[in-house]
Every structure is written in structure tokens, then in C-alpha cells.
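# Remarks on the overall topology
Here are the chains, one letter per residue:
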Amino acid sequence: MSIAQDIHFSQLNHSQLFMNPATAADMTGDMAASLRYRKQWPGIGKGYGTNAATFEMSLLRQKSNTNYLGVGVYIVSDKAGKAQLQTFEGVGSLAYHLRTGTTERFSMGLSLGYVQRSIRTDGLAWDAQHNGIAFDAALDNRETFGNQSRSIVDGTFGLLWWHSSKTEWKFGYSLGHFLQQRTFLDAGSDKLSAKHSAHFMLKYKIPFMYVVYIRYDLQVQRQAGAMTILPGVMAERRIGNDSRYTGANTSSGIMAGCYYRIGDAIVPTIGFEWERMLSLFISYDITLSSFNKAVGTGGGPEITLRYEGKKTRGVARLSEE
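Described in the following lines is the structure provided in the data block. (Residues numbered from 1 in each chain as written. Predicted model: local features only at pLDDT ≥ 70, side-chain atom pairs only at ≥ 80, totals over all residues. Heavy atoms only, no water.)

Helix and strand counts for the protein chain stand at two helices and 15 strands. Out of the 321 residues in the protein chain, the part that is buried amounts to 43%. Sequence-distant contacts in the protein chain: of pairs separated by 6 or more residues, those separated by 24 or more amount to 58%. Looking at the protein chain as shown, the accessible area adds up to about 16000 Å², and 61% of this sits on carbon and sulfur atoms. (Helix = DSSP H or I, 4+ residues; strand = E, 2+ residues; numbered from the N terminus. Buried < 20%, exposed > 50% of the residue type's maximum accessible area, 1.4 Å probe, protein only. Contact = heavy atoms within 4.5 Å. Areas by Shrake-Rupley, 256 points an atom, 1.4 Å probe, with all protein chains shown as cover.)

Listed below in C-alpha cells is the structure:
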């Protein structure tokens, strides 16, 4: 088994739209928006810098026992290394959420997006620029690139099953990259291997003098011969009360937990949510693999700021049990 290093995020509780279009508007609110910043391995060249923004909104949703549509959009900009190998993605998602019972929901989603990849070769060092004594940037690098950028279309299909009673759990699966092509430095037309992603979440309230919830996450991604496995656990302490009958959901929360990307890094995470509307999460990847010989333990920070709008009255939520 090998460990993949695709564009990825460590905070699973805010990463589902990037992975599975069936999660578009899978929330208790009518709309949500988020901003995210991630820096990985800053000690190597310029490292990997990732910025992302998302927007989600539910349509035709009136109460908990109705079906509804979810739409979502995300934008990602990723730059890697001195060559500034850049990936830009603008993706739109559409999901249909079908109530299959008073406590269950089945969702299907499809996303289509625009992907552009580019690279800058100026400033790089090549073997031909070594004059026998030292590196000489004035020498011709003798390298020819037919294309330094390429735009393609990508697509992902996803499924999601949700259940909420005394416990809440979700299981999702998605198939990605079924439209995307791989190469951009030449005229190749070979397609990128399909990416299979599965995610499981379990959340329940523990008997305690305070309102405390425990959430377990597990994400597994496989693409050709590469695999990423990311389990994690998060504790959530609610502060204040939510109204069961009027829909006035104004409690706040403090969260703390840890994820572990198997064979790669451990990711401690903390977060704060204000009145179920505005939340801030901060995590840090601590490299544990043999790659730490090059980067030390400094994997890099990840910061997410999220806003969730008006709550749809009557939507089931574990914290109301």
C-alpha cells in the first residue's frame, strides 16, 4: 500500500463537499459558506499552499420530512514548490436528498468542474546549466515544453446515507475523475485513474453533567495503487441551550480532537462555534513518516472559517434529542 499526496484537507468535518457532491447542502441550515487556508511542508522550497472557498444552499426545503435539492460550489487554488505547479478548480454540485423515513435520508449528487493546471519553469535548475564547476543560470537549460498550462473538465458522482435518532451516522461513497485527463505538459490524452472515496461518521451524546458529543470519522480514498486512510475523533461541548420547539438554535460549542493520516501525519484540531452560525477550526499536520527527515515534524497548518445561515425549522438534529 502506498500513501497518496493529492490535494487534500485534514479537517473531515468541513471537507465533504470537496469529496462527495451528494453532501451539497447536507446541513441543518438553509445556506453555508466557508473559507479555508492550508500550508503543507513549508520547509521544502515554497511548500504546498492551498486556498479554498465553498458555498452551499438548499432549495425546495420546508420541513424535516420533505425532500429537497442541494446546490454547492467550491473553488480551490493550489500552488506547489518553486515551479509553482498550480491547480485551479471551479466545481459546481447538485444533490437530491430523499427522505426514506422519519430518521433516514438517502442522497445522490453529481459535480462538474473546470480544472486548469499550469507550471512555471523559470527559476528552476537543470543539469545542462552546470558548467562543470558550479550552476550557471545564464546557460541554456536545453529543455523544451510544448505546453505549460492545460484546461480540462472533471466530474464526480456521489451517494450518501444519513440516519439520526439517539445516534447520528452517515456513510458516503463517491467516484471521481471520470472525465479528467492527466497530462498537460504534452498532448497526451490518457485519462487520470478513477478516484474512489468512502466516508463514515458516527456521532452520539455521552452521559455527562454537561452537553457533550463524540464524533468519529473515517475517510478512505483509493486511486490506482495509492491509498489514503484518515480516521479521527472529535469531542464537542455545547454551551447554552437550543429551543426544541421554536427553532431558536443559539447554543455555542467548543471542539477538540485529533485525526491520523495513516503512514503520514497526526493532526490535532481545535474549533469554536458561535450560536450555530459562525465557526473557526484550526489544525496542524505533524509529520510522522520517514519524510520528516526532510521537513522535520512540520507538516503545516489548516484553518477553516465557516458561516451557516438560517436554520430550517423542524430539521432533525442529534443535539435536540
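This model, assessed by the stated rule, comprises 13 salt bridges. With a shortest N-O distance of 2.7 Å, Glu236 and Arg238 are connected by a salt bridge. Of the two residues examined, Glu236 and Arg238, each falls in the buried class. The residue Arg238 makes a salt bridge to Glu273 at a minimum N-O spacing of 2.8 Å. Placement of the pair is Arg238 in strand β11 (residues 226-239) and Glu273 in strand β13 (residues 265-274), with a sequence separation of 35 residues. Look at the salt bridges and you will find they share partners, linking Arg36, Arg38, Arg261, Asp264, Asp285 and Glu302 into a network. (Salt bridge = Lys/Arg side-chain N within 4 Å of Asp/Glu carboxyl O.)

With that out of the way, let us pick up the environment of Gly113. Secondary-structure assignment places Gly113 in strand β6 (residues 104-118). On the accessibility criterion, Gly113 (10% relative accessible area) is buried.

Counting residues in hydrophobic clusters, the biggest one holds nine residues: Phe9, Leu17, Phe18, Ala24, Ala52, Tyr74, Val76, Val91 and Ala95. Listed by contribution, the elements that provide at least two residues to this core are α1 (16-19), β4 (68-80) and β5 (85-99). Of all hydrophobic cores here, the second largest spans seven residues; its members include Leu12, Leu230, Met234 and Val267. (Core = buried A, V, L, I, M, F, W, Y, C linked by side-chain atoms within 4.5 Å.)

Time to look at the pairing of strand β12 (residues 252-261). With eight bridges joining them, β11 and β12 adopt antiparallel strand pairing. Opposite Arg237, over in β12, you have Ile254 as the bridge partner. Strand direction decides the pairing type here: β12 and β13, joined by nine bridges, are antiparallel. Directly across from Cys258, in β13, lies its bridge partner Pro268. (Pairing = 2+ DSSP bridges.)

A few words on the packing of aromatic side chains. Scanning all chains against the criterion turns up five aromatic pairs. Note on Phe9 and Phe18: the rings are 4.8 Å apart at their centroids and 45° apart in plane angle, and the pair reads as tilted. By the burial criterion, Phe9 is buried, and Phe18 matches it. Site record: aromatic cluster; members linked through ring pairs are Phe9, Phe18 and Tyr74. Its guanidinium or amino end placed over the ring of Phe9, Arg36 lies 4.6 Å from that ring's centre, counting from NZ or CZ. The ring of Tyr68 has Arg61 sitting right over it, with the charged end atom 4.2 Å from the ring centre. (Phe/Tyr/Trp six-rings, centres within 6.5 Å; stacked < 30°, edge-to-face > 60°. Lys NZ or Arg CZ within 6 Å of the ring centre and 35° of its normal.)

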